[in-house]
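So the chains spell out like this:
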Amino acid sequence: MSKIRTAGEAARQIGSGAVVAVNASSGLCCPDAVLEAIGGRFDEETAPRNLTMVHPIAAGDMFGTKGIDHLAKPGLISTILGGSYPSGPSSAEPPLIWQMLGNNEVAAYNVPSGILFDMMREAAGKRPGVLTKVGMDTFTDPALEGCAMNDAARDKPIVKKVEFEGEEWLFFPSLAPDVAIIRASTADERGNLTFEHEGAYLGAMELALSSHNNGGVVIAQVKRIAKAGTLKPHDVRVPGILVDTIVEAPDQLQTTATDYDPAISGELFRPLDTFRTGEFNVAKVIARRVLQELRSGWAVNIGFGISANVPRILMEEGRHGDITWVIEQGAVGGVPLLDFKFGCSANAEAFVSSPHQFTYFQAAGFDASLLSFLQIDKHGSVNVSKLSARPHVTAGAGGFVDITSRAEMIVFSGYFNAGAKLAVTKGRLVIEKEGRIAKIVDEVEQVSFSGRRAVTQGQDVTYVTERCVMKLTGNGLLVTEIAPGVELDKDILQQAGTPLTVAPDLKVMDEALFQPEPFGLSLKPGCRP
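These numbers were taken from a predicted model, which means no experiment stands behind them. (Residues numbered from 1 in each chain as written. Predicted model: local features only at pLDDT ≥ 70, side-chain atom pairs only at ≥ 80, totals over all residues. Heavy atoms only, no water.)

Undergrad: Talk me through the pairing of strand β16 (residues 299-302); I want residue IDs and the actual numbers.
TA: Alternating positions in β16 separate into two faces, Ala299 and Asn301 on one and Val300 and Ile302 on the other, with burial throughout. Each parallel crossover has a hand, and for β16 linked through helix α8 (residues 310-316) to strand β17 (residues 324-326) it is right-handed. When β16 meets strand β22 (residues 368-372), the two strands line up parallel, connected through three bridges. Looking at the pairing, Asn301 lines up with Ser369 of β22. (Buried < 20%, exposed > 50% of the residue type's maximum accessible area, 1.4 Å probe, protein only. Helix = DSSP H or I, 4+ residues; strand = E, 2+ residues; numbered from the N terminus. Right-handed = clockwise from strand over helix to strand, strands pointing away. Pairing = 2+ DSSP bridges.)

Written out as structure tokens, the structure is:
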């Protein structure tokens, strides 16, 4: 019997009450045609109902790929477990799924992306669940929020703290999808899947295996269908024995707001001079200072925000290739892309599956991580996952907790406060108008990263802002450098929402960082910090 179905026929394979796992990262690999068909079926039939949706990384975005918002209808979803959620500018109307979880219309959880993949991998092997220290002392920990995003979720805990072999661990039960919805570039008639036009594999194999091994259905959306037996076996990433249904969607986007870019899928390598580099501004100064923390030969993870610009600065300094960039979606090496295409890399050296990348992160196999912050508190804890005033501005934690739980070295970057009007003039930082919202606070709104746990574990943590550099110590935050043109007391200590300690050998940041020309980066040879 043919496996080829329309999107509408595929949607009718999903029963009410099913657990449905979706393999996507915003627009990247998002099976949007199938998700749209599920929403359309519900509009016509009010079925399926009460689905539990599982999204290790967000499905959909706010820039043309609706993803999970196709399903954000009262009665269709009862529960959602997401590593991240669609996010966008504060001025935009929140996605429908954010409105539903804010109104307690669904029980919503923010589970670290790597742990969600682990929960399904354990189900694939018929094992009871995940024992992990990832997330301890953060919002993931049941002693704090236990991943719950709203009151509806708090009534149904999904994680508990247990003792095993004399140590405390977090325990997440296995999670077996009744339906896995994945996406690829090509399927042959037998359901073998290749990913030649994709910028990642994400967790396609893991989701398919988990659903199949537990009697579930695997639906694959693809761009095109080939004759059986014509795909090269080394190119097949998900074998047809795991795939039940194939949906052809020739117009699927490669990633957010992108029809197709062969450099994203590694089919073409772009000359380095075709990559845009950022204009000279305050954000670039911060990114330059972040880069000074790194060493040649390191493998370094980067996150969204100011950190995403660091690879371009390395390129400007003529040192591209000295550092290998690794991102949670699975790309290794190359040039991580910006804006709509974040999560993809051009000219990548390799693509690995996201679950394997998260195993690499969870065990601190890399050298350093460059990440952003919304808030930092007196303990050095960081909030990157919750902003109550406009929750959709942050996607949630994503892989942040997996990455930071054991990372040997972390450099957080961001602006010292929110709303300040800043400029860089003649090698000096100029604060033209002070911001009104403190980002250095007494207590963060949500603990995405635990400073106290980091101190206990001996992690090397640095915070880089436009006006100062701080280090995490056993006594909290220590100001070690200030920007040229900045007054320590007026511009830093008085603007912080919590007391800061100042290093006795306080230094001034390199003035060359505050000039538009390349600053002459010197990277020491790498060894683990």
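So that's the structure; there's more coming.
Undergrad: Which residues make up the pairing of strand β4 (residues 77-82), and what values go with them?
TA: Of all six residues in β4, five are buried, a share of seventy percent or more. As paired strands, strand β3 (residues 51-55) and β4 are joined by five bridges and run parallel to one another. When the sheet's bridge partners are listed, Met53 is paired in β4 with Ile80. Examined bridge by bridge, β4 and strand β5 (residues 107-110) share four bridges and lie parallel to one another. Of the residues in β5, the one forming a bridge with Gly82 is Asn110. Traced from β4 through helix α3 (residues 96-102) to β5, the parallel crossover comes out right-handed.

Undergrad: So what's going on with the pattern of salt bridges? Residues and values would help.
TA: Considering all chains together, one arrives at 27 salt bridges under this definition. For Glu293, the salt bridge is made with Arg289, and the minimal N-O distance between the two is 2.8 Å. The class of Arg289 is buried, set by a relative accessible area of 5%. For Lys471, the salt bridge identified is with Asp460, shortest N-O distance 2.6 Å. Of the two residues, Lys471 is situated in strand β32 (residues 468-473) and Asp460 in strand β31 (residues 460-464); the sequence distance between them amounts to eleven residues. (Salt bridge = Lys/Arg side-chain N within 4 Å of Asp/Glu carboxyl O.)

Undergrad: Quick rundown of the nonpolar core? Include the residues and the values.
TA: Counting residues in each nonpolar core, the largest one holds 109 residues, and the members touching the most others are Val111, Leu193, Phe412 and Tyr463. If one sorts the elements of this core by residue count, helix α7 (residues 282-291) sits on top with seven residues. Residue contacts for Leu193: discarding those within four places in its chain leaves Ile182, Ala184, Thr186, Ala187, Ala220, Val222, Asp235, Val236, Arg237, Val238 and Val243. Listed in part, the 34 residues of the second largest apolar core include Ile68, Met100, Leu101 and Val106. (Core = buried A, V, L, I, M, F, W, Y, C linked by side-chain atoms within 4.5 Å. Contact = heavy atoms within 4.5 Å.)

Undergrad: Residue-level account of helix α6 (residues 204-213), with values.
TA: Along α6, the residues that are buried comprise Ala204, Glu206, Leu207, Ala208, Ser210 and Ser211. Buried positions along α6 lie against β2 (19-22), α4 (113-124), β9 (179-183), β12 (217-222), β14 (236-238) and α9 (354-362). Gly215, located one to two residues past α6, shows a positive phi value of around 80°.

Undergrad: Which residues make up the packing of α4 against α9, and what are the values?
TA: Packed helices, taken two at a time, are described by the angle between their axes plus the distance between the axes. The geometry of α4 relative to α9 is characterised by a closest axis approach of 9 Å and an angle of 120° between their N-to-C directions. By the criterion of interaxial angle, the relationship of α4 to α9 is oblique. Relative to α9, the crossing made by α4 is left-handed. Contacts between α4 and α9 involve Ser113, Gly114, Ile115, Phe117, Asp118 and Arg121 on the former and, on the latter, Ser354, Pro355, His356, Phe358, Thr359 and Gln362. For the contact of α4 with α9, the residue count by class is four nonpolar, six polar and two charged. (Axes fitted to C-alpha atoms, helices over the stretch in contact; angles between N-to-C directions. Parallel < 35°, antiparallel > 145°, perpendicular 65-115°, else oblique. Left-handed = near helix turned anticlockwise from the far one by under 90°. Nonpolar A, V, L, I, M, F, W, Y, C, P; charged D, E, K, R; others polar.)

Undergrad: Any chance you could break down the packing of α4 against α6 for me, citing the residues and the numbers?
TA: Between α4 and α6, the least distance of the axes is 8 Å, while the angle of their chain directions is 40°. Put simply, α4 runs oblique to α6. The hand of the α4/α6 crossing is left-handed. Between α4, through Phe117, Met120, Arg121, Ala123 and Ala124, and α6, the contact on the second element is made entirely by Glu206, Leu207, Leu209, Ser210 and Asn213. Split into classes, the residues belonging to the contact of α4 with α6 amount to six nonpolar, two polar and two charged.

Undergrad: How would you explain the sheet that holds β14 if you had to name every residue and give the values?
TA: Pairing in this open sheet of four strands is mixed, and the strands run β13-β10-β11-β14 from one edge to the other. Since the sheet does not close on itself, it has two edges, and those belong to β13 (224-226) and β14, each with one partner. Here three bridges tie strand β10 (residues 186-188) to β13, and the two strands are oriented parallel to one another. For Asp188, the partnering residue across the bridge sits in β13 and is Ala226.

Read these as layout, nothing more, since geometry by itself doesn't imply function.
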